[in-house]
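Close look at the chain arrangement
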Amino acid sequence: MFPEFLNLPTPLPLTFQMAIVAGWVGIILLLTEGAYRYTQLGAEGVRKILHIGVGNVILLAWWLQIPAWIGIVASLLAGGVALLSYRIPILPSINSVRRQSWGTFFYAISIGLLIALFWPLQQPQFAALGILVMVWGDGWAALVGQRFGRHPYELWGMKKSWEGSLTMAIVSYLVSGFLLFGVYGNLWQVWATAGVIAIVATTLEAFSKYGVDNLTVPLGSATLAFWLIQNLTS
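Residues numbered from 1 in each chain as written. Predicted model: local features only at pLDDT ≥ 70, side-chain atom pairs only at ≥ 80, totals over all residues. Heavy atoms only, no water.

Section: the overall build of the protein
- When helices and strands are counted, the protein shows nine helices and two strands.
- Each helix and strand of the protein, ordered N terminal to C terminal, gives the series α-α-α-α-α-α-β-β-α-α-α.
- Evaluated residue by residue, the protein yields a buried proportion of 47% over its 234 residues.
- Within the protein, counting contacts between residues at least 6 apart in sequence, those at least 24 apart form 74% of the total.
- Here the protein displays about 12000 Å² of accessible surface, and carbon together with sulfur accounts for 71% of that area. (Helix = DSSP H or I, 4+ residues; strand = E, 2+ residues; numbered from the N terminus. Buried < 20%, exposed > 50% of the residue type's maximum accessible area, 1.4 Å probe, protein only. Contact = heavy atoms within 4.5 Å. Areas by Shrake-Rupley, 256 points an atom, 1.4 Å probe, with all protein chains shown as cover.)

The structure is reproduced here in structure tokens:
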């Protein structure tokens, strides 16, 4: 469940739910396109704004109690748009980074998969955890690594930096820890789970060829967190 003090008294009508979610995504897309066209942030920086901003829609979906089928359909549509954008410049900021990657497609599909897995179980917090670890952890890791990365390493042909990977671990720990804290309270199991997630998510992010980390990080983080919480707190 969403942290009790933030719960809605009653679910909003479906049309309102969809309007709020669509409005959020639309605002993020417009801001991203504006930043891409009229600022000097650079292609990767602008892309990470989109990456982080859109990913937070999972919190809206959780808070509003969006039906699973809407999240799954939206994910499939977004995946289709991502595939189309590789051939047609629908939104230049999405694929403005000139490297071969299926990351945007995997990003969209991972949201649908996690909703399909955890919404029926009445455990949406784990879907949110997986997505937020991806968007905040990977997003900040890329930005810090590019700006401050002075100690590079290479895995599977992908260049990384220890500064970026450390950022990924710290942000993943904080995101997963505080999210689980909000649901389960200040238990040692919460912080132990967050520590394991930080290590695993950072390892998965390091193997990010073709953008596959946008699939492996959220799915791996969410399923592992679910398993650990279920077993450590039982």
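Focus: the side chain of T193
- Along the chain, the position of T193 falls in helix 8 (residues 188-206).
- At 2.8 Å, the side chain of T193 and the backbone oxygen of Q189 are in polar contact.
- Beyond its immediate chain neighbours, meaning those up to four positions away, T193 contacts L180, A225, L228, I229 and L232. (Polar contact = N/O pair within 3.5 Å; in protein donor to acceptor, adjacent residues only side chain to side chain.)

Side note on the packing of aromatic side chains
- Applying the stated criterion across every chain, the model contains nine aromatic pairs.
- An aromatic cluster of three or more residues is present, and its members are F118, F126, Y184 and F226. (Phe/Tyr/Trp six-rings, centres within 6.5 Å; stacked < 30°, edge-to-face > 60°.)

What to know about the nonpolar core
- Of all hydrophobic cores here, the largest spans 40 residues; its most connected members are I58, W119, L129, I131, V133, L179 and L180.
- Counting only elements with at least two residues in this core, the list comes to helix 1 (14-38), helix 2 (43-55), helix 3 (57-64), helix 5 (103-118), helix 6 (124-148), helix 7 (162-184), helix 8 and helix 9 (213-232).
- Contacts of L129, omitting those with residues within four sequence positions, involve S176, L179, L180, I197, S221, A222 and A225. (Core = buried A, V, L, I, M, F, W, Y, C linked by side-chain atoms within 4.5 Å.)

Topic: the confidence of the model for the protein
- The predicted model of the protein averages 84 in pLDDT, with 88% of residues at 70 or higher.
- When pLDDT is averaged over each element of the protein, helix 9 comes out on top at 95 and helix 2 at the bottom at 76. (pLDDT = per-residue confidence, 0-100.)

Digging into the pairing of strand 2 (residues 158-161)
- With four bridges joining them, strand 1 (residues 152-155) and strand 2 adopt antiparallel strand pairing. The partner of Y153 across the bridge, within strand 2, is K160.
- Taken together, strand 1 and the strand that follows it, strand 2, pair antiparallel across an intervening segment of two residues, in which W156 is found at a positive phi of about 55 degrees. (Pairing = 2+ DSSP bridges.)

Description of the pattern of salt bridges
- For the structure on display, the rule yields one salt bridge.
- Here K160 makes a salt bridge to E205, at a shortest N to O gap of 2.9 Å. Pair noted here: K160 is in strand 2 and E205 is in helix 8, with a separation of 45 residues, a long-range link. Both residues of the pair, K160 and E205, belong to the buried class. (Salt bridge = Lys/Arg side-chain N within 4 Å of Asp/Glu carboxyl O.)

What about the packing of helix 6 against helix 9?
- Taken N-terminus to C-terminus, the directions of helix 6 and helix 9 make an angle of 135 degrees; their axes are 8 Å apart at the nearest point. Considering their axes alone, helix 6 and helix 9 lie oblique with respect to each other. Seen along the crossing, helix 6 lies across helix 9 with a hand that is right-handed. Here helix 6 contributes F126, L129, G130, I131, V133, M134 and D138 to the contact with helix 9, which in turn contributes D213, N214, V217, P218, S221, A222, A225, F226, I229 and Q230.
- In terms of residue class, the contact of helix 6 with helix 9 is built from eleven nonpolar, four polar and two charged. (Axes fitted to C-alpha atoms, helices over the stretch in contact; angles between N-to-C directions. Parallel < 35°, antiparallel > 145°, perpendicular 65-115°, else oblique. Left-handed = near helix turned anticlockwise from the far one by under 90°. Nonpolar A, V, L, I, M, F, W, Y, C, P; charged D, E, K, R; others polar.)

Here we look at the environment of G80
- One can find G80 in helix 4 (residues 68-85).
- Measuring from C-alpha to C-alpha, the distance between G80 and I109 comes to 9.5 Å, with 29 residues separating the pair along the chain.

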